[in-house]
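# Overview (structure and organization)
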Amino acid sequence: MAIIFDNKSKNKKAKVASNHMYSGFWLDKDAWSLGDSFAGRGSNVIKALKLRKYQRGIANFVKILSEKDVPVIFKGTTSYTDNEHVVIATDISDKNFDVYAGLALHEASHLKYTDFEVLKQLVCDQDQSPSRIQTVKEILNYVEDRRIDNLVFKSSPGYKAYYHKLYDHYFRTPDMLNMLQQYRNITWDSYMAQMIGMLHPKFNVNALPGLLEIAQLIDINNIDRLKNTADALEVAQLVYDVMQRHIEAAQQASMDNLLSPSKEENSEESQDSIKGGGKGEGQEEGGDGEGKEEGEEGGEEGGEEPTQLTPLQQRAMNEALREARSLVNGEVSKKQAAHSLVRKLSDITDVPLDYSVVGTEFKGKGFECLIHDATGQSADIAEVLHIESMSYIDRTPEQRDRLYHLRNKLPNSFCISDRKSRIDTMILEGFQLGANLGRKLLTRREERSLEQNRLRTGRIDAKRIAHAGYGIENIFNQIHIDKYKKANIHLTIDASGSMSGDRWDNSIKLAAALGKAVSMIDGLELQISLRGTDGNSPVVTIIYDSRRNKLQHLNLVLKASTCNSMTPEGLCLEALLNKKILIPTTAECDSYLINVCDGEPGHQGYYGEEAVRHTAKQVKRMNSELNIKHIGYFFGSSTMGSYQKFQRMYGTKQSIAIPNASNAMQIADHMNKQLMSK
């Protein structure tokens, strides 16, 4: 990529908006959620999920650009590529994701365009001193970066914005301008710093003697003349020679000055030389990576005295230079994430977890609702149930480690119930009741047809076609087929702690009954979800989907499910809507939602009238956007204040109080009537 100078016109429209997230159009909007960084608020699960979204997005970039299936790994404190992996440090946030996307693209372009054998040969060159090799290597890194970035700029213009963000972050900051103004002594550090700052709009070729020659050797605006890494190495060797020549000349002048202190004139000239105060004869032109048409002559007067910096500015300048040099050397140093977060990311790599930002109207903060799809985890659930059924002393060390690993893959609410025998009984009774319900619904399979003959329109009746032509026109027939539409039921159950006991047992029985009934009927489907919390996060757990699960899975997941959290009712409904988990009513399918609950919404920061109104809003949205018919069942007396709020959320006609949890099967009877009505 060429030098980009944008100070030719103060009113010129910026090519890249500094406050615009260019990844937003393709990355899930929930990745741009609450707080500045995944290292901020929220549980480690949410933080790891955000990091996983970033990881997958960046991996797509790398795969497309490098044309290789290169793993993208988040670990440690540095970002680099080793020709087998792209390693990204773990301090990504919403604000800097574009920068990291540019960094990943940059590292991926090394995999595609850089000849790493040239670098190895340079390091192993016995004819050069170690200090020369180290400096030439850094110069080569800089020249090679410009060469490969220019290739991506020309071959993949859609990636330009990410490169602009990367360069703005590392090379075009006020701190880098301070660096350019301060590093003017004729030393290796100053030459390397000025070379790295060459991408700043106010880079000045007169800042040091020979800097113009160095800029002309690199010739960023014509960098595509370098066809490979070997060409870049040749330029790096020449740049090193220029730096060395001027540094040695300055050292010699300083030595001469020490030997001849009486020669005042030589002393003054020597000091001017050391400060880089000589006037150059020309200045570098700028470009935008595609030519020189937008360039301008660079910089400020070479003799200008640098501004005195405060200690804070000095530290910021040194840090900016360190970061820029780290980028050039392929080791971008960043803050290391907590080990617990890195471990959590590893634990959930293949776990069917997602999240949705919900309830943003609550004090402008909102919540991140976890969504766990357990419909594909039958084997994991069965293994956990088996190990947890054993006493601790009977478990082998391998089983204990395995249980810890599986625990991180399963919903937090899954565990062996202390009332296991009671739950087993409820599931068995539910399957038996479901079989009876299923037999009642078998008539949904039936089709009735009525054929009408001797009509003037319809299909030609083969038996009457011989009469055509004799003034008879009623030779058509029509067949009317009467059958039930397909139907889908979503059962969502409150998994708060207050549901424990008979209410939970009978909810389990209801779920088993509906699962069994649906399994017997073609064209009828069922999903079951639990609503609860995990720390500060609302949680929706999809435990069953008849489109992919058999009854054996339902049996396992009901045994593992428990109720031990709070009631973020509307937040969970909003997450189901946001992620399009609820199935809408269509011309071919009627959709129903059954809600089972025992109280009003309540969660940290989510309660009272605001929560009731929010839940009612989500129910209304479900009806208006998806045309889903709903019914809400309340475990408790109709005289309770919570039931009055329940009616406001779900509607008076759609709310039914069930004082005795043992009567929960009336829900199945209600669905029987709904499904059998035309």
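Predicted model, so just to flag it, every value in this text is computed and none were measured. (Residues numbered from 1 in each chain as written. Predicted model: local features only at pLDDT ≥ 70, side-chain atom pairs only at ≥ 80, totals over all residues. Heavy atoms only, no water.)

### Examining the side chain of Thr 114
Basically, it comes down to this: A run of H or I in DSSP counts as a helix once it spans at least four residues, and a run of E counts as a strand once it spans at least two, with each numbered from the N terminus. For this analysis, a polar contact is any N or O atom pair within 3.5 Å, provided that within protein one partner can donate a hydrogen and the other can accept it, and provided that sequence-adjacent residues contribute only side-chain to side-chain pairs. The criterion used for residue contact is that any of the two residues' heavy atoms lie within 4.5 Å.
Note that Thr 114 resides in the loop between helix 2 (97-113) and helix 3 (116-123). There is a polar contact of 2.8 Å between the side chain of Thr 114 and the side chain of His 110. A distance of 2.9 Å separates a polar atom in the side chain of Thr 114 from a polar atom in the side chain of Glu 144. Once residues lying within four places of it in the same chain are set aside, the contact partners of Thr 114 are Ser 109, Leu 119, Glu 144, Arg 147, Ile 148 and Thr 229.

### Re a nonpolar patch on the surface
Just so we agree on the cut-off: Only residues whose relative accessible area exceeds 30% and that form no salt bridge are eligible for patches; like-charged ones are grouped when within 9 Å, while nonpolar side chains (Val, Leu, Ile, Met, Phe, Trp, Tyr) are grouped when within 5 Å. Only the protein chains shown count as cover for residues, and all accessible areas are computed by the Shrake-Rupley method using a 1.4 Å probe. The term salt bridge refers to a side-chain nitrogen of Lys or Arg lying within 4 Å of a carboxyl oxygen of Asp or Glu. Exposure categories follow from relative accessible area, calculated using a 1.4 Å probe and restricted to protein chains: below 20% of the type maximum is buried, above 50% is exposed, and the middle band is partly exposed.
Together, Met 255, Leu 258 and Leu 259 make up a nonpolar patch on the protein surface, roughly 350 Å² of accessible area in all. Residue class for Leu 259 comes out exposed when judged on its relative accessible area of 64%.

### Looking at the environment of Ala 215
Within the element layout of this structure, Ala 215 appears in helix 8 (residues 211-218). In this structure the C-alpha to C-alpha distance between Ala 215 and Val 205, which are 10 residues apart in sequence, comes to 7.3 Å.

### Quick look at the confidence of the model for the chain
Any segment with low pLDDT has predicted coordinates that should not be analysed in fine detail. Going by this rule: The quantity known as pLDDT measures the predictor's confidence residue by residue, on a range of 0 to 100.
Looking at the chain as a whole, its pLDDT mean stands at 78, while 73% of the residues score no less than 70. No element of the chain has a lower mean pLDDT than helix 10 (residues 264-275), which averages 49, and none a higher one than helix 18 (residues 569-578), which averages 95. Of the regions scoring below 50 in pLDDT, residues 1-14 engages in 50 contacts with residues more than four places distant in sequence or in other chains. Every residue in residues 31-42 is under pLDDT 50, and counting partners more than four places away or in other chains gives 41 contacts.

### Brief notes about unusual backbone geometry
Residues other than glycine seldom take positive phi values, yet Asp 219 does so here, at roughly 45°. Among the secondary structure elements, Asp 219 is positioned in the loop between helix 8 and helix 9 (229-259). Of note, the phi angle at Lys 580 is positive, near 55°, even though the residue is not glycine. Checked against the element boundaries, Lys 580 lands in the loop between helix 18 and strand 13 (589-597). When its relative accessible area of 71% is taken as the criterion, Lys 580 is described as exposed.

### Let's talk about the nonpolar core
Where a protein is soluble and globular, its nonpolar side chains tend to be buried together. Cut-off, in case you're wondering: Note on terminology: a nonpolar core comprises buried Ala, Val, Leu, Ile, Met, Phe, Trp, Tyr and Cys residues joined through side-chain atoms within 4.5 Å.
Membership of the largest hydrophobic core comes to 77 residues, with the highest contact counts inside it found for Ile 139, Tyr 142, Phe 171, Met 195, Met 198, Ile 214 and Ile 218. In terms of residues, this core owes the most to one element, helix 9, which gives 10 residues. With 55 residues, the next largest nonpolar core counts Trp 504, Leu 530, Leu 554 and Tyr 592 among its residues.

### Observations concerning the pairing of strand 12 (residues 537-545)
Where we set the bar: Strands are treated as partners if at least two bridges between them are detected by DSSP.
In terms of burial, strand 12 is largely enclosed, as 9 of its 9 residues are buried. As judged from the 4 bridges shared by strand 6 (residues 367-373) and strand 12, these two strands associate in the parallel manner. Counted as the bridge partner of His 372 is Thr 541 from strand 12. As judged from the 8 bridges shared by strand 11 (residues 524-534) and strand 12, these two strands associate in the antiparallel manner. Residue pairing in the sheet places Ser 529 in a bridge with Ile 542 of strand 12. Hairpin remark: strand 11 followed by strand 12, antiparallel, with 2 residues in the connecting loop; positive phi at Gly 535, about 65°.

### Notes on the packing of helix 4 (residues 130-155) against helix 9
Which entries qualify depends on this criterion: Only C-alpha atoms enter the line fits that serve as axes; for helices the fit covers just the stretch in contact. Angles between N-to-C directions range over 0 to 180 degrees. If an angle is under 35 degrees, it is roughly parallel; if it is over 145, roughly antiparallel; if it lies from 65 to 115, roughly perpendicular; otherwise it is oblique. Should the near helix be turned anticlockwise from the far one by less than a right angle, the crossing is left-handed, and should it be turned clockwise, the crossing is right-handed. Here the term charged refers only to Asp, Glu, Lys and Arg, the term nonpolar to Ala, Val, Leu, Ile, Met, Phe, Trp, Tyr, Cys and Pro, and the term polar to all other amino acids, Gly among them.
The interhelical angle for the contact between helix 4 and helix 9, taken along N-to-C directions, is 125°, at an axis separation of 8 Å. Between helix 4 and helix 9, the interaxial angle falls into the category oblique. Considering the relative orientation of helix 4 and helix 9, their crossing is right-handed. Counting all contacts with helix 4, which are made through Arg 132, Thr 135, Val 136, Ile 139, Leu 140, Val 143, Glu 144 and Arg 147, the residues of helix 9 involved are Thr 229, Ala 232, Leu 233, Val 235, Ala 236, Gln 237, Val 239, Tyr 240, Asp 241, Met 243 and Gln 244. Within the contact of helix 4 with helix 9, the residues separate by chemical class into 11 nonpolar, 4 polar and 4 charged.

### Here's the deal with the side chain of Ser 546
When you line up the elements, Ser 546 lands in the loop between strand 12 and helix 17 (551-560). Its relative accessible area of 18% is what places Ser 546 among the buried residues. Among the polar contacts made by the side chain of Ser 546, one reaches the side chain of Glu 525 at a distance of 2.6 Å. Here Leu 526 takes part through its backbone nitrogen, which lies 2.8 Å from a polar atom of the side chain of Ser 546. Apart from the residues within four sequence positions on either side, Ser 546 is in contact with Val 518, Leu 524, Glu 525 and Leu 526.

### Here we look at the packing of helix 6 (residues 174-182) against helix 11 (residues 311-328)
Any two packed helices are characterised by how steeply their axes cross, that is the angle between the axes, and by the distance between the axes. Closest axis-to-axis distance for the helix 6/helix 11 pair is 8 Å, and the angle between their directions is 95°. One finds that helix 6 runs roughly perpendicular with respect to helix 11. Contacts between helix 6 and helix 11 involve Asp 175, Met 176, Asn 178, Met 179 and Gln 182 from the former and Ala 316, Met 317, Ala 320, Leu 321 and Ala 324 from the latter. Looking at the contact of helix 6 with helix 11, its residues break down into 7 nonpolar, 2 polar and 1 charged.

### Notes on the pattern of salt bridges
Evaluated as defined, the whole model comprises 25 salt bridges. Glu 388 is paired through a salt bridge with Arg 407; the nearest N and O atoms lie 2.5 Å apart. Remark: Arg 407 occurs in helix 14 (residues 397-409) and Glu 388 occurs in helix 13 (residues 378-388); sequence separation between them is 19 residues. Residue class for Glu 388 comes out buried when judged on its relative accessible area of 18%. With a relative accessible area of 25%, Arg 407 lands in the partly exposed category. With a shortest N-O distance of 3.0 Å, Glu 600 and Lys 645 are connected by a salt bridge. Taken together, the residues span a long stretch of sequence, with Glu 600 in the loop between strand 13 and strand 14 (602-603) and Lys 645 in helix 20 (residues 641-650) at a distance of 45 residues. Classification of Lys 645 by relative accessible area gives partly exposed; the value is 21%. Residues participating in the shared-partner salt-bridge network are Glu 138, Asp 189 and Arg 325.

### Remarks on helix 8
To be explicit about the condition: Each direction from the helix axis to a C-beta atom contributes to the arc, which is the arc of those directions.
Inspection of helix 8 places Leu 211, Leu 212, Ile 214, Ala 215 and Ile 218 among the buried residues, and these make up the whole buried set. All buried residues of helix 8 project into a common sector of 160° when viewed along the axis, lining one side. Buried residues along helix 8 sit against helix 4, helix 7 (188-196) and helix 9. Asp 219 sits one or two positions beyond helix 8 and adopts a positive phi of about 45°.

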